[in-house]
Amino acid sequence: MTNLTNGFASIQCKGAMHVEKGHMQASGLPFLSFKRCAQLDISRLGSMPRFMGAKSATSQHARHKISAIRASTLSCLQGDTTKYFDFVVIGSGVAGLRYALEVSKHGTVAIITKAEPHESNTNYAQGGVSAVLCPSDSVESHMKDTIVAGAYLCDEETVRIVCTEGPERVKELIAMGASFDHGEDGRLHLAREGGHSHNRIVHSADMTGREIERALLQAVDNDDNISLFGHHFAIDLLTCQLIDPKNGEIYCYGVDSIDSETQKVVRFISKVTLLASGGAGHIYPTTTNPPVATGDGIAMSHRAQAVISNMEFVQFHPTALSDEGLPIKPNKRRENAFLITEAVRGDGGILYNQSMERFMPMYDDRAELAPRDVVARSIDDQLKKRGEKYVLLDISHKPREKVLAHFPNIAAECLRYGLDITRQPIPVVPAAHYMCGGVRAGLQGETNVKGLYVAGEVACTGLHGANRLASNSLLEALVFARRAVQPSIDHMVDADTDPSFAVKWARPMLPLSLRDSVLSDIIERTKQTRMELQSIMWEYVGIVRSTGRLKNAEWKIGDLESEWEGFLFRRGWKPTMVGIEACEMRNLFCCAKLVVKSALARHESRGLHFTEDFPYLEESKRKPTVIFPAAIQELTWSSKPLQRQLQCK
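What comes next is a walk through the structure. Every value quoted in this text rests on a predicted model; they were computed, and no experiment measured them.

1. Thoughts on the pattern of salt bridges
In step 1: Counting across every chain of the model gives 39 salt bridges.
In step 2: With a closest N to O distance of 2.7 Å, arginine 169 and glutamate 172 form a salt bridge. Within this pair, arginine 169 and its partner glutamate 172 are both found in helix α5 (residues 156-175), separated by three residues, close to a single helical turn.
In step 3: A salt bridge links glutamate 388 to arginine 386; the nearest nitrogen and oxygen atoms lie 3.1 Å apart.
In step 4: On the basis of relative accessible area, glutamate 388 is assigned to the buried category, the value being 17%.
In step 5: One network of salt bridges, in which partners are shared, links Arg98, Glu102, Lys105, Glu165, Arg169, Glu172, Arg482 and Arg483.

Dropping the structure here:
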């Protein structure tokens, strides 16, 4: 069932599930014995295609030091395919790392991440962190800007908490070694971005996310209680439902993953799980998100019967670099679009069409400083009216030294393709950027699934409402990662688990029984299906929508999913089989359907959701969109967990 509900009431997460007594710890389990590490014979897998997660012998990866610790020490302690921790964190962006550093003071922590530890949305964040750090600014002003940008759909209590606690979270980052830009007076240099009434963006040139990620990874590397598992793709959450007609609560006990380096399914059993896996930008053909952003966390949570909210609000960043407008064209298509930060407009950048006509004042009095949804729709309108592929963002009227100091990364990237941003305008186009919706969370990151917490882009906390204010994403991740710590510790202390619990869920299997030629066919069909899904989403569920186009998308996506699944199963694929591309595809289908379903439920235009059939705001519709677990009625592969949910007493 998909509907609009009042408010973002805190999701209660009390009580603990008791199975037979026995606390699990990652090191020194008195009641468990582990085999010594055995050498893994992967010669059978050496020639397998990447569909299984294998990498070519020539691929080189900058290995983080802690990955070596994982490979040698921890595997010996725990065996190859089942590992036990107090806390499991899925994702290695700012939310996951910050949370891990706090809970590690109280127990053992595993961070599992899909690719290299640094490969996250955080690492690509250019702008900065918004926080009230200037005497002339105020929490009330930051709140007002957030709520106005969110089209008055934000949860006011959440907004107040984030804006109030944000400055302290930024100070903690600085204390941990994150380096931000300072002015000539020695104080933090605070930038201004679209939608903000004050200069309040703490930044590190135009590479803020990279600097925060560096500082946090270094701290994680120095923490002996944290183990980082790179190249582990999360498949599905391990859940158990109480046999109680009055209660029937669902508990999370960890996650299954694919270790793409050893070609094994690895099960992580934990007392507490934090999802910090990012967004789902790759449901669209052009996105600023890294390749790992395929909606895995949202899809896993939906299959685990977590409540999902506000999925119709997909933020398209107005200004991604348009390769088509560059003097020298890139040799191949980028996996993710290069972001041109909001701060360029905040520093005085002006938007022009290709006739060098400034157009933003025609759409909004705030011109280039209007919120992202307004700017993206304005650019989209210009492109459609004029039949052009990109618009121009010009910062060349500003002093060369200032431009190069503030935007060194953007300047260097553009110069690679023959464009000097101190002399020429930058070709830009909107691209999918951020999911304002996600797994519905309470004020401490709790979900309706006990033992499962969420933080960062995967979560829907109520902060962003119908549109995220620039640079509020890293802020939200920091605040909610910290707020989830104490309830997580409380749950960990109360939770009783039995080691034998780990074998009660059926274990997913890799498609070792399929011939290489069959796997190659499946790979190719999956790639084609992915591109077709992205094309449908862009054409029918893009910046401007209509009921007819949304229904068309729903029908086309359903048919495409059915055809793809039918192809897999006819070729010998089994419902319990897993491969990275196949699992990504099922997650993309799941998230795309959630976006369409949510968009169809909102009969108004608000924030990022603009529909031609209901072009105005409607006060009676000022409620979050909520998809409850009872809505899970589909029988497709993407909508069901691979493991049957256990029943627990």
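2. A short note on the side chain of arginine 303
In step 1: Along the chain, arginine 303 falls in helix α7 (residues 296-303).
In step 2: Overall, the relative accessible area of 4% leaves arginine 303 in the buried class.
In step 3: A polar side-chain atom of arginine 303 sits 3.3 Å from the main-chain carbonyl oxygen of isoleucine 235.
In step 4: Among the polar contacts listed, one links the side chain of arginine 303 to the backbone oxygen of serine 638, at a separation of 3.0 Å.

3. Regarding α5
In step 1: In this model α5 runs 29 Å from its N-terminal to its C-terminal C-alpha over 20 residues, within 8% of the 28 Å that 1.5 Å per residue would give.
In step 2: At glycine 166, α5 shows its maximal bend, which comes to roughly 40 degrees, and the proline proline 167 appears one to four places after that position.
In step 3: Those residues of α5 lying buried are Thr158, Val159, Ile161, Val162, Cys163, Gly166, Pro167, Arg169, Val170, Glu172 and Leu173.
In step 4: On its buried side, α5 packs onto α2 (94-103), β4 (129-130), α4 (139-149), β6 (201-202), α6 (208-221) and α13 (472-483).
In step 5: The positive-phi residue at the C-terminal boundary of α5 is glycine 177, with phi of around 110 degrees.

4. A few points about the packing of aromatic side chains
The geometry of two aromatic rings is summed up by the distance between their centres and the angle between their planes.
In step 1: Applying the stated rule across the entire model yields ten aromatic pairs.
In step 2: Between phenylalanine 229 and phenylalanine 268, the aromatic rings sit 5.0 Å apart at their centres with planes inclined by 80 degrees, giving edge-to-face as the arrangement. With phenylalanine 229 in strand β7 (residues 226-229) and phenylalanine 268 in strand β10 (residues 264-275), this residue pair connects regions lying 39 residues apart in the sequence. For the pair phenylalanine 229 and phenylalanine 268, a shared accessibility class is recorded, and that class is buried.

About the criteria used
- Residues numbered from 1 in each chain as written.
- Predicted model: local features only at pLDDT ≥ 70, side-chain atom pairs only at ≥ 80, totals over all residues.
- Heavy atoms only, no water.
- Salt bridge = Lys/Arg side-chain N within 4 Å of Asp/Glu carboxyl O.
- Helix = DSSP H or I, 4+ residues; strand = E, 2+ residues; numbered from the N terminus.
- Buried < 20%, exposed > 50% of the residue type's maximum accessible area, 1.4 Å probe, protein only.
- Polar contact = N/O pair within 3.5 Å; in protein donor to acceptor, adjacent residues only side chain to side chain.
- Expected span 1.5 Å × (residues − 1).
- Bend = angle between axes of the 7 residues up to and from the residue.
- Contact = heavy atoms within 4.5 Å.
- Phe/Tyr/Trp six-rings, centres within 6.5 Å; stacked < 30°, edge-to-face > 60°.

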